[in-house]
Amino acid sequence: HAHRDATSHPAWDAFDRHVLRFYGWFQEAVVETNLENYRVRHCAILYYLEDDTCHVTEKKMDNSGIPQGQLIRRHRFPGPDGGYLGWADLQVGNVLNIYGRAIQLCDCDGFTRQFYETQGMDQMPGEPLEQDAFMKTMMKEDGPKGLPKTAERLYREVALGGGHINTDMQQFLEWDRKVCRFYAIMDDLSMPQFERRPFQLLFFLADDTVEIREQYPLNCGRDNFPIFFRRGKMPLGKYNVDGPQSQPRKKSEFVDGRDFYVGQEMTLLTNYRFFVYDADEFTRQFFKEEMNRELEPRIEVQLPERAVPRAPTPPYTGYGSWDDSMSSVTHLIPKPPAKDFNKLFTHADKVLRFKARFANPKPEDTDRVFVVSFYLQDDCVSIHEPPQRNLGIVTGRFLEKAVHMNQITGSLFRPEDLLPGTLIKVYNHEFEMLDMDEYTRKLFNDPMAQFKSFDLQAMLEKLRESMRQQFPLVRDIFRRFDMDHDGVITIGEFRKALEKFGFAGLPEETVVQLLRHFDTREDGQVSYNEFCDQMLDEDFPVGMMKAKAPLNPNYDVDYADRAAYRVVERQETGAVRKAIRQLGDILAKRDNIMFKITREFKHLTHEDFVTVAQIGQALLQTGQSMEPEDITRAVLHVMPDVDLERIPYVALFKAVKTSFHEFSSKR
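About the criteria used
Residues numbered from 1 in each chain as written. Predicted model: local features only at pLDDT ≥ 70, side-chain atom pairs only at ≥ 80, totals over all residues. Heavy atoms only, no water. Axes fitted to C-alpha atoms, helices over the stretch in contact; angles between N-to-C directions. Helix = DSSP H or I, 4+ residues; strand = E, 2+ residues; numbered from the N terminus. Parallel < 35°, antiparallel > 145°, perpendicular 65-115°, else oblique. Left-handed = near helix turned anticlockwise from the far one by under 90°. Contact = heavy atoms within 4.5 Å. Nonpolar A, V, L, I, M, F, W, Y, C, P; charged D, E, K, R; others polar. Buried < 20%, exposed > 50% of the residue type's maximum accessible area, 1.4 Å probe, protein only. Arc of directions from axis to C-beta. Pairing = 2+ DSSP bridges.

Enquirer: Hey, could you run me through the packing of helix H11 (residues 474–481) against helix H14 (residues 528–535) in this one?
Expert: When two helices pack together, their arrangement is given by the angle between their axes and by how far apart the axes lie. Where H11 meets H14, the axes come as close as 11 Å, and the angle between the chain directions of the two elements is 125°. As judged from the angle between their axes, H11 and H14 are oblique. As H11 runs across H14, the sense of the crossing is right-handed. Between H11 and H14, the contacting residues are Val474, Arg475, Ile477, Phe478 and Phe481 on the first element and Tyr528, Phe531, Cys532 and Met535 on the second. Along the lines of polarity and charge, the residues of the contact of H11 with H14 split into 8 nonpolar, no polar and 1 charged.

Enquirer: Explain helix H12 (residues 491–500) here, please?
Expert: Because an α-helix completes one turn every 3.6 residues, residues spaced three or four positions apart along the sequence face the same direction. Residues of H12 that are buried include every one of Ile491, Glu493, Phe494, Ala497 and Leu498, and no others. Buried residues in H12, looked at end-on, bunch into an arc of 155°, giving them a common side.

Enquirer: Can you help me understand the sheet that holds strand S1 (residues 19–29) in this one?
Expert: Sheet strands pair via backbone hydrogen bonds, and the direction of the pair is either parallel or antiparallel. What the 6 strands build is an open sheet, ordered S4-S3-S2-S1-S6-S5; its pairing is antiparallel. Two strands in the sheet have a free side with no partner beyond their single neighbour: strand S4 (70–75) and strand S5 (95–98). Ignoring strand direction, the axes of neighbouring strands in this sheet form an average angle of 30°. Bridging between strand S3 (residues 53–57) and S4 involves 3 bridges; their strand directions are antiparallel. When the sheet's bridge partners are listed, threonine 57 is paired in S4 with glutamine 70. Its contacts with the sheet put helix H2 (residues 110–118) on S1 and strand S6 (101–108), and the angle it makes with S1 is roughly 115°.

Enquirer: Just to check I follow, could you spell out the environment of valine 30 for this structure?
Expert: Structurally, valine 30 is set in the loop between S1 and strand S2 (38–48). A sequence separation of 256 residues divides valine 30 from phenylalanine 286, and the C-alpha atoms of the two residues are 60 Å apart. With near-sequence residues (within four places) excluded, valine 30 lies in contact with Glu36, Asn37, Tyr38 and Arg39.

Enquirer: Sorry if this is basic, but what is going on with unusual backbone geometry here?
Expert: Note on backbone geometry: most residues besides glycine have negative phi, and most peptide bonds are trans. For leucine 269, which is not glycine, the phi torsion reads 55° and is therefore positive. Of note, leucine 269 is situated in the loop between strand S11 (265–268) and strand S12 (272–279). Judged by relative accessible area, leucine 269 falls into the buried class, the value being 12%. Not every positive phi belongs to a glycine, and aspartate 379 is a case in point at roughly 60°. One can find aspartate 379 in the loop between strand S14 (370–375) and strand S15 (380–385).

Enquirer: Explanation requested: the sheet that holds strand S8 (residues 195–204) in the structure shown.
Expert: Overall, antiparallel pairing links the 6 strands, which are arranged S10-S9-S8-S7-S12-S11 in an open sheet. Whereas interior strands pair on both sides, the edge strands pair on one side only; in this sheet they are strand S10 (227–232) and S11. The mean inter-strand angle of the sheet, taken between neighbouring strand axes irrespective of direction, is 30°. Here 3 bridges tie strand S9 (residues 209–214) to S10, and the two strands are oriented antiparallel to one another. Within S10, the residue paired with isoleucine 212 across the bridge is phenylalanine 229. Across the face of the sheet, helix H6 (residues 281–289) comes into contact with strand S7 (179–188) and S12 while running at roughly 115° to S7.

Shown next as structure tokens:
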């Protein structure tokens with residue numbers, strides 16, 4: 001065999017599908033006829049390097065009269081000096097004696113010559129194959145028959161009034177399957193409503209035939225029969241059906257697509273008027289190169305969109321919510337309206353309260369006072385009448401909480417409609433707004449005031465108490481916070497945990513300050529030990545019980561950047577773990593997968609190094625698939641200093657398989 005590295009794979013794997021091909025001939029006696037004494041038979045000798053087997057095949061010839069195809073089946077041929085035939089025994093110019101046949105080797109293919117050059121054995125130049133009388137006779141029969149068809153011969157035949165049956169064969173051979181495509185429109189005035197119908201005019205250059213296809217717009221209401229005129233010769237002018245006794249038409253009496261141009265208005269098929277407004281790219285190139293004229297640019301013929309009449313939205317009746325009423329208008333089968341959960345979380349339990357009275361009260365209603373409540377989470381409004389001494393009227397709920405319409409503005413209530421001094425009208429009751437409470441006044445003066453009035457220390461104590469009441473063990477609390485179970489709490493997990501404990505809608509600065517209080521090392525994430533230090537007291541205090549460190553009210557921008565970086569880092573760490581586990585599952589849990597992948601590498605390259613793209617291609621050929629980014633992450637994890645363009649795949653397999661059982665999917 002060829003010289004190979006001692007650490008490479010066996011011959012059946014290294015030389016898989018590597019075949020040496022030689023061309024040769026041998027003579028066979030012919031005794032049944034006096035026309036020839038022998039016949040030369042051409043054959044190909046194939047030598048398989050993977051198992052040193054050979055077989056001989058012969059190309060089949062028409063009317064040869066002898067069986068051809070496989071002459072000698074594939075097996076190990078006996079050698080000239082005993083033993084078996086090897087690749088070194090085959091040389092161009094030598095004679096191969098096998099089973100009584102003397103095969104003269106005349107040539108070999110390029111791969112065979114390259115293989116022998118790498119082994120230091122150059123092959124001789126190729127020689128022509130031997131020909132016999134039968135082959136020479138077949139070559140004469142396959143030659144040109146009759147006189148050559150020249151241009152002069154064609155001219156003489158036409159001058160004498162004759163011709164040949166393939167008059168348009170040259171045009172067919174040059175322009176077969178080449179079609180000029182024009183885009184046209186036809187204004188159909190026969191319909192009760194005006195309609196502009198689009199068409200395609202196809203001119204086949206092979207035989208000068210024409211086909212017209214209609215392009216049906218979406219929802220046009222017409223039956224889908226796109227062939228307006230079937231492919232054929234289209235006569236000019238009035239279209240008549242010719243009978244058997246009619247004179248054949250001349251070529252000039254048919255429509256020729258070479259006369260079409262953009263902007264042309266023409267009448268085809270007696271009374272159909274078409275306007276050509278565009279052509280495709282091939283048609284423009286054909287007219288420019290063959291006809292020496294360029295077509296005009298596209299002409300815009302699109303009609304303006306017709307306004308579809310829409311029934312006006314019925315007025316809101318005031319019963320039920322506005323969204324429920326609109327679902328009956330927009331849907332045939334009403335659907336429940338979707339809720340804005342972001343708004344619900346941000347403005348949960350936030351109520352704006354206003355003081356109001358009747359605008360034009362009756363004498364008995366002069367002293368009545370009402371509290372109008374506006375709920376920010378769902379824009380609901382309710383009106384309550386507080387009790388008064390000796391009023392003589394039953395107080396309590398005046399208007400139930402729901403989404404109501406302000407009859408003065410004609411739209412749903414907004415916080416701006418309830419400011420002091422304004423008038424509102426609901427269910428034919430008109431109210432005058434008098435005042436608002438302190439919380440509502442602060443919110444109108446500064447919309448961000450709701451996020452600035454937090455007592456962080458009190459919030460921290462409330463958070464600790466809520467944790468202790470819900471989970472008796474600190475371990476369970478940490479597991480509730482650590483959603484991906486990687487052993488640390490990032491700022492995203494901390495924010496979601498705060499929402500679960502009732503602290504939803506907190507600004508980013510507040511969440512960062514609370515996370516920083518738990519993170520004693522200030523590395524942007526909270527470990528289990530840090531979490532326990534903040535939640536638990538000392539087990540064996542020497543002196544008096546120490547109080548927990550107070551929360552730092554100052555906002556640190558650098559710490560916020562570190563916390564955001566930790567989130568990205570943990571995401572990338574999770575992606576690396578997933579990639580190395582996926583590659584480990586492929587290599588460690590499937591039998592003979594490494595041999596299959598190595599074989600694919602041998603087909604892709606002759607070196608012991610591969611690239612990331614070649615790894616992905618080899619995995620895909622073996623029925624596995626990985627993204628190139630995941631392959632890069634896995635390779636750089638087990639081999640940090642490797643060049644991604646020269647990855648030693650043997651060392652990569654060893655590293656992945658060694659670290660597979662030691663590499664967990666978390667942490």
